[in-house]
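Chain by chain, the residues:
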Amino acid sequence: MQSHILSMILFTPLVGAILLLFVPKDNKDAIRWIGNIFAALGLLVSIPLVPLFWAQRAEPGFKFLEGTANNWIPSIGAGYNLGIDGISFLLIMLTTLLGWVSILSSWTAIETRVKEYYIWFLVLQTGMLGVFMALDFFLFFVFWEAMLVPMYLLIGIWGGPRKLYAAIKFFLYTLFGSVLMLLGILFLYFNHHTLTGVYTFSIPELYKTAPQIPFHYAIWLFLAFFIGFAIKVPMFPFHTWLPDAHVEAPTAGSVILAGVLLKMGTYGMIRFLLPFFPGVAMDTRVRGWMIGLSIVGILYGALVSLMQKDMKKLVAYSSVSHLGFCTLGIFALSPLGLSGSVLQQVNHGISTGALFLIVGILYERRHTREISEYGGISNVMPVYATITMIMFLSSMGLPLLNGFVGEFTILQGAFMENWKWAAWSVPGVILAAAYLLWLYQRVFFGTVTNPKNEKLHDLTPREVLTFAPLVIMAFWIGLYPKPFFEILEQPVNQIVHTVRPNYPGLNGVVNASTQPTMPATEPEALIRAVPPAANAKGKK
Amino acid sequence: MTPSTLQTLPQGIEYVRILPEIVLSAFGIVIMLLDPLVDQRRSSRMLGTIALIGSLAAIAASQYQTQCPPGTAFWDMVRVDAFSIFFHIVVTTVTAVVILTSFEYMDVQQLHAGEYYALVLFGAVGMCLMSSAVELVLIFIALEISSISTYILAGYRRRVAISSESSVKYFLLGSFATAFFLYGVALMFGATGSTSIAKIGETLNAGPVPLLAYVAIALMFVGLGFKVAAAPFHIWTPDVYEGAPAPIVGFMSTAPKAAVFAVLLRVLFEAHAPGRLWLIWVVAALSMTLGNIGALVQDNIKRLLAYSSIAHAGYLLVAFAALPSSGIPAAMFYTAAYAAMNVGCFAVISHFASAGERRVTLEDYAGLGRRSPILAATLTLFLLSLIGIPITGGFFAKFYVFSAALQADLVGLTVIGVLNSAVGAYYYLRVIVMMYMREPREETPVAPIPFGLGAALAISGFATLYLGLLPGRVLEYARSAAALLR
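What you see is a predicted model; the values in this text were computed from it and never measured.

### Considerations on the interface of chain A and chain B
Part 1 of the reasoning: On the side of chain B, 41 residues touch chain A, which itself brings 38 residues to the contact.
Part 2 of the reasoning: The contact between chain A and chain B buries some 3,400 Å² in all, and 79% of this surface belongs to carbon and sulfur atoms.
Part 3 of the reasoning: When residues of chain A are sorted by the area they lose upon contact with chain B, S75, L164 and L183 of chain A head the list and together hold 15% of the total.
Part 4 of the reasoning: Where chain A touches chain B, the interface holds zero salt bridges.
Part 5 of the reasoning: The tally of links from chain A across to chain B stands at five residue pairs in polar contact (both at pLDDT 80 or more).
Part 6 of the reasoning: When residues of the side of chain A that touches chain B are traced back to their parent elements, those giving at least two are α6 (137–146), α7 (148–158), α8 (163–196) and α24 (533–539) of chain A.
Part 7 of the reasoning: Looking at the side of chain A that touches chain B, the element that brings in the most residues is α8 of chain A, giving 13 residues.
Part 8 of the reasoning: The class makeup of the residues in the side of chain A that touches chain B is 29 nonpolar, two polar and seven charged.

### Observations regarding the layout of surface pockets
All names here are of chain B.
Part 1 of the reasoning: Empty space within the second largest pocket amounts to approximately 880 Å³.
Part 2 of the reasoning: Lining the second largest pocket are 27 residues, with Q63, I89, T93, Y466 and V474 positioned closest to its centre.
Part 3 of the reasoning: Only α4 (40–67), α5 (82–109), α16 (324–353), α21 (451–469) and α22 (472–483) provide two or more residues apiece to the lining of the second largest pocket.
Part 4 of the reasoning: Per-element tally for the lining of the second largest pocket: the top contributor is α5, with nine residues.
Part 5 of the reasoning: Class assignment of the residues belonging to the lining of the second largest pocket gives a composition of 22 nonpolar, four polar and one charged.

### Comments concerning helix α19 (residues 393–407) of chain B
Residue and element names in this part refer to chain B.
Part 1 of the reasoning: End to end, α19 covers 21 Å across 15 residues, agreeing with the expected 21 Å (1.5 Å per residue, within 8%).
Part 2 of the reasoning: Counting buried residues along α19, 14 of its 15 residues qualify, which places the element largely inside the surrounding structure.
Part 3 of the reasoning: At the exit of α19 stands D409, carrying a positive phi of roughly 65 degrees.

### A few points about the pattern of salt bridges
All names here are of chain A.
Part 1 of the reasoning: Taken as a whole and judged by the stated rule, the model has 28 salt bridges over all chains.
Part 2 of the reasoning: One salt bridge connects R32 with D29, and the closest N-O pair in it is separated by 3.6 Å. Pair noted here: R32 and D29 are both in helix α2 (residues 28–46), with a separation of three residues, about one helical turn.
Part 3 of the reasoning: For E417, the salt bridge identified is with R287, shortest N-O distance 3.0 Å. With E417 in helix α19 (residues 402–417) and R287 in helix α14 (residues 284–306), this residue pair connects regions lying 130 residues apart in the sequence.

Criteria and cut-off values
Residues numbered from 1 in each chain as written. Chains lettered and ligands numbered in written order. Predicted model: local features only at pLDDT ≥ 70, side-chain atom pairs only at ≥ 80, totals over all residues. Heavy atoms only, no water. Contact = heavy atoms within 4.5 Å. Buried area = accessible area lost by both parts, 1.4 Å probe. Salt bridge = Lys/Arg side-chain N within 4 Å of Asp/Glu carboxyl O. Polar contact = N/O pair within 3.5 Å; in protein donor to acceptor, adjacent residues only side chain to side chain. Helix = DSSP H or I, 4+ residues; strand = E, 2+ residues; numbered from the N terminus. Nonpolar A, V, L, I, M, F, W, Y, C, P; charged D, E, K, R; others polar. 1 Å grid on protein atoms, 1.4 Å probe; cavity = no way out; pocket = protein on both sides within 12 Å on 5 of 7 lines; lining within 4 Å. Points joined across faces, edges and corners; volume = space filled by probe spheres on them. Expected span 1.5 Å × (residues − 1). Buried < 20%, exposed > 50% of the residue type's maximum accessible area, 1.4 Å probe, protein only.

Here it is, written out as structure tokens:
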């Protein structure tokens, strides 16, 4: 029997959004309550997944499968097909948690057009969850694109002064990347048909045929997917939309943007880029470029953060730096690097999500994010200062907190591949400490210099509640990360095995699914696998 | 046709094969006859209702045709099969939606309704006939029936200068284009000795293709390309769309286009037109690019959508360059999806334009999201569909067109297409930005949505979502229809 737990998690927010449509728009409190209840419900229905998933963490392949390969649009072979492994499991839990936290944090921050806000937020939640659950490439793309609209509106309607510019820039950048990805998806789809005679968008099926594409075609497909994902991550030099979008988005939007949306790019790299094009990913030049861009991102993001006068911009650029670590881990292509990367994605969601909430709380009280406006805040808001300190330390990677575990594992993985990669990245950690501690010093220490800050009130119980789960998670991952690594072990080893079949000491790997279905691939079959016109594209 | 076939009179079933056309003509004539008999002030509603009943009856007639065995009629001039029924249903449904939109529009603009509804129905007759005609001379006649109705309708706001300009421009350039088409037909007859598409196909397929046939196809393509507003025959579109009454723009940007695309499909695929690939390649790439670039700088929503329709003609033509097995169903699906979303767009524009069509600039749409949430939400749905965002028909249509093109190894054209659709997103988003992210310029509430318009919006909105969420059935139907064409 199929379990429907994934569908339940996926559609709970959407049900809330539909319900909200029927609430009169002037009844703001009712709207807030319903929005929060459904966000909390979204988290609650995902919690049973934890023990269920834990019980089968070592089993190979995707779990909690739902639907069949072509039950949606049979004529093209697209299906409503869901399933998760350890990587998507962690990101789904992160999404439901951050979704609840950010909706809770919007209670007083959003005063205008409340009804639309909660509707779009809940719709966005469904879109993001769908991206992590889809096992069908068509379905994946539908969620990937559909999710753009609510985020665009969240930035464009409830954002800051330059919201229109930021919203359109966000939308166009991402759309540009995803149309290229769509071409790549179609290529894989037709390639699968040439090799097997079956039209299907099923991701597990495509895993079998995509690696057989010869290198000189695969490199272009790799690039098409890479640009789509790299814009989303965002990797240097595709990052320019991010500071605008982050700074102009409302607090909760920034939390979701940083916490979950960016992870869709790294998730795409792990889920598609590596297993589809193992040959390209392992190519020395390609890998060199990927690692190089990651390191530039780490250092550049950190240096730019150091220079910011606006707190939110500082946090936004720090994301570029932190995501650089994630991509570094991915292209280290070792079990340590990959599992470190996924864990760091979760960590970044928790700590940077919290940092945006922290900035949002000051902004809500003072309506400015200029660092120079503040000073001595720890005197007037002690609870707030404490929580901020914990999250800053978590973000900069202090031992015993979550950031350390992720970054350390990534650096370890990178070091084992090439010590220079690790050596170049380490300054990123130091710079992170510099820009965060310097920010802390300027905002919280000393005496209150600005008279406007004297009357600031400390956190309300609701605000403490929004931080509580994040602080708990930060300590949990920092003190006892073993369960997380155990969840990641099987899927990560599987991916490493696909890319590097000779990598020593991989547990829990199934050989069958990574082997080509055709016993021996004839050279002609390979040539037929990709239409000749791909050559024409290659020449351009 | 031989003399002996001429002597056999048409059988009963042959009349069924032109049943939608008969129904539409009959209702059109009834409206013409009633017009002088009824009081002018009340005539609008009544004649409109009759026209609506007529279009609904035509939809029913098209449905009824699916029950009958497919075949030809009237000495092989008309063929009714799944392919033509598909376009019949698109055309008649669009007609019904346009009539529903016009109820309120005619009252608000204080236009005399008499010939208006009759002309809409006669136009639909031409379009239906175009999609079922398999003989070039009949196609030409049908094209003229549909064109002449739309020429007049374009100038229906006769007290307004730009409306008359629109009509004259459309008429002069349009007649020029149909002349090209007719010249092509004549040359094709010279090259192959027949005007029947099936026979032309046999001749061209069998032996060496004479040079004359290439010229004939090119000339016919000029005429048809003009009608679908494909670049470089698109110059008329923005001016005509700007001046014509909004519901009519919704009508003529969808229904005649669908019918002409049906003709193009028949001419290019069934007649095995030579030189199809490069002709289409260039025109498609030009239309997409010029349409999208032109739309970027428009401030009038009707002009914006005019350029957008040029771009969409380009996307649609991409499917024509693909293989018949996937290209034809892709083109058919796109036609249906485009009809649904564009006619919906213009329904919103017609309502919002108010008396004298004074609110048609993008600035006027500022804050519509607050002034009329339902109107803004439906317009947003149609615009997102035009961008090609998932769960709307526009997404799946584009997806299917591009996948057909990739299957035919048209990588270059597909890349141009997807990049264009990313560029295109910008100007549709400008409208959404205006509606939701700008403060309204005037706080006066928008007139409430009357029943007719509500029904029109509901039909087109439902169709847009249905084609996006559950495209399977329509796609299967289009595929089975496309198989008949080869």
